[in-house]
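Fold and geometry: a report
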Amino acid sequence: MFIENNLVMESLIDVLKILAIILPLLIFIAYLTYFERKVIGFMQLRKGPNVVGPFGLFQPFADGIKLLTKETIVPSNSNKFLFILSPIITFTLALIAWAVIPIDNDIVLSNINVGIMYIVAVSSLSVYGIIMAGWASNSRYAFLGSLRSAAQMISYEVSIGLIIINILITVGSLNLSEIVLAQKNVWYFLPHFPMFIVFFISTLAETNRAPFDLPEAEAELVAGYNVEYSSLSFGLFFLGEYGNMILMSSMTTILFLGGWLPPVDNEIFNLIPGFVWFFLKVSFLLFLFLWIRATLPRFRYDQLMRLGWKVFLPLSLFWVIITSSYVYFNNGNF
Amino acid sequence: MFFNIFSAIIIVSSLMVVLSRNPVYSVLFLVFTFLNASIIFLISNAEFLAMTLIIVYVGAVAVLFLFVVMMLNINSTKIKEGLLKYLPFGVLLTLVFVGELYVIFQGESLGFVTPKIDIEELFQNGNSNTKAIGLYLYTDYFIIFQMSAYVLLVAMIGAIVLAYKDKKSIKSQNVFIQNTVRKEDLIKLVDSKKK
């Protein structure tokens, strides 16, 4: 009896821990959309949302309620099971990767020793949500959009994988917390600066953001893989996309910007808790995402593929050779 | 118990790969099979293999399958016609595979010399799963590992050779020329009054 009670308590605590990660994340996602509209508004000399609540702060909730109360339309010629399954897959995959992200020293849901591979696996699965959505919609625009999107995501995953190998060689561990702690002396964006740039651009392509937002090139493909979706099913895609943006930014933070570590190890900076630093770094990267969206025009498709396969892949492969030779001739130390 | 549940799911879904009428469903069932196989790896504490299985097979190979199957308009009844023709070959392959597995696990009773990896000793040194695989793959089995990479390379070259078309007949943009073009090359200012 006692053991059973213990088990129930443990699983209850686990559920609370999961909620403690997911709820702030969902609020973060909601306010990321607000932040995006505000930032791009200011960059284009507009005001952005300013009607609902003070400074338009309740705008995300108004959008959400509007989206939820619309009618869900399932096209009659679509494959209904896959049509409904794919937004659920996209949204779920955007959330479950957070199980291994350390937001502070020891604040992580499960500190597994193949953490980085878990994240790569989850992000490689997220192609399926998009490709299934495009196929199940039974619409040419949606199908073309999903093919583009999937090809793009696979291409850039290759260079992302090679860049992660660089970091793994320097750290010597697959555990995310150990990767962060190894950056105590120097954040890896300094020694691996070219890779930091390549990784950031690849995350833009991986999350289908501007200037690589070809899947939703309005002018040619209407809106890409999610044309046929409405209401909540569209909302899940939308939340999944923004969740992936935050996830990719936190991955960049962990791999290159020292995770929860303060920039300089002194007393004043150490007073600020680690998750605040983590939040600040992630927000900075997200601001870069929005800044780029407001600044750069869209890539052409062949340029996108050329950049991924002919520029980033050789570059990151070359950097793997440099890093591993350095570590080899330095007796396994970095 | 978990092993039984997931292996039952694997058997059913891999049957569905062959039996389902829609080829897209076949690929999706294949993905489902891979996912459950990776769960079985996780149960047996092989977390590195589990993640590799998902990244390589689900994230890359099966996506390409799905691409091809979705874009080609495959007539599923036509494929079914060839079922009997390919059945003997399939049975042969299965027998070879089962025989190999038998040699690996029961080879000593047949007189084969099987390389022994002492798993107990490997983990007693505090090695993680990942390190243990690396220690064997890059030392004792290095040649075999490299050879399998060459097999993949040959397959890739073969595919490229089969699909290669003469570039001259295709009109495509040369990005280098596009990027190095200057204003003077395209626009010429002519003074109309002078003539």
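What this report covers is the structure whose coordinates are included nearby. (Residues numbered from 1 in each chain as written. Chains lettered and ligands numbered in written order. Predicted model: local features only at pLDDT ≥ 70, side-chain atom pairs only at ≥ 80, totals over all residues. Heavy atoms only, no water.)

When helices and strands are counted, chain A shows twelve helices and zero strands. The linear arrangement of helices and strands in chain A, starting from the amino end, is α-α-α-α-α-α-α-α-α-α-α-α. Relative to the 2.2 N^0.38 estimate, which gives 20 Å for 334 residues, the radius of gyration of chain A is 21 Å and therefore close to what a compact globule would have. Counting all 334 residues of chain A, 51% fall into the buried class. Pairs at least 24 residues apart make up 77% of the contacts formed inside chain A by residues separated by at least 6 positions. As displayed, chain A offers around 16,000 Å² of accessible surface, 70% of which is attributable to carbon and sulfur atoms. Across chain A, the 18 positively charged side chains and the 20 negatively charged ones have centroids separated by 12 Å. (Helix = DSSP H or I, 4+ residues; strand = E, 2+ residues; numbered from the N terminus. Rg over C-alpha atoms; globule rule 2.2 N^0.38 Å. Buried < 20%, exposed > 50% of the residue type's maximum accessible area, 1.4 Å probe, protein only. Contact = heavy atoms within 4.5 Å. Areas by Shrake-Rupley, 256 points an atom, 1.4 Å probe, with all protein chains shown as cover. Lys, Arg positive; Asp, Glu negative; His and termini not counted. Charge placed at Lys NZ, Arg CZ, Asp CG, Glu CD.)

Below, the discussion takes up the interface of chain B and chain A. Size of an interface, as often reported, equals the accessible area lost when the parts are brought together. Chain B puts 26 residues into the contact, and the matching count from chain A is 25 residues. Both faces considered, chain B and chain A share a buried interface measuring about 2,200 Å² in area, 78% of it formed by carbon and sulfur atoms. The largest share of the area that chain B buries against chain A comes from Met51, Phe67 and Met70 of chain B, three residues that together contribute 25% of it. Linking chain B with chain A are zero salt bridges, by the criterion used here. It is helix α3 (residues 47-71) of chain B that provides the largest number of residues to the side of chain B that touches chain A, a total of 15 residues. In terms of residue class, the side of chain B that touches chain A is made up of 18 nonpolar, seven polar and one charged. (Buried area = accessible area lost by both parts, 1.4 Å probe. Salt bridge = Lys/Arg side-chain N within 4 Å of Asp/Glu carboxyl O. Nonpolar A, V, L, I, M, F, W, Y, C, P; charged D, E, K, R; others polar.)

If you walk through the whole model with that rule in mind, you get seven salt bridges over all chains. For glutamate 36 of chain A, the salt bridge is made with arginine 209 of chain A, and the minimal N-O distance between the two is 2.6 Å. Of this pair, glutamate 36 of chain A sits in helix α1 (residues 2-43) while arginine 209 of chain A sits in the loop between α7 (193-206) and α8 (218-221); the two residues are 173 residues apart in sequence, bridging distant segments of the chain. By relative accessible area, glutamate 36 of chain A is classed as buried at 4%. A residue is classified by how much of its surface remains accessible, and arginine 209 of chain A, at 4% relative accessible area, is buried. A salt bridge links arginine 182 of chain B to aspartate 185 of chain B; the shortest N-O distance between them is 3.4 Å.

So, on to α7 of chain A. All names here are of chain A. Here α7 is 14 residues long and its end C-alpha atoms lie 20 Å apart, about the 20 Å a rise of 1.5 Å per residue gives. In terms of burial, α7 is a largely internal element, ten of the 14 residues being buried. Within the span of α7, buried status applies to Met195, Phe196, Val198, Phe199, Phe200, Ser202, Thr203, Leu204, Ala205 and Glu206. In this structure, the buried residues of α7 make contact with α4 (115-136), α5 (140-171), α9 (231-256), α11 (274-295) and α12 (301-329). (Expected span 1.5 Å × (residues − 1).)

Before going further, it helps to examine the nonpolar core. All names here are of chain A. Core analysis: the largest hydrophobic core is formed by 102 residues, its most contacted members being Tyr128, Ile164, Leu255 and Phe256. The element contributing the most residues to this core is α4, with 15 residues. For isoleucine 164, the contacting residues outside a window of four places in its chain are Ile116, Val120, Phe199, Met251 and Leu255. (Core = buried A, V, L, I, M, F, W, Y, C linked by side-chain atoms within 4.5 Å.)

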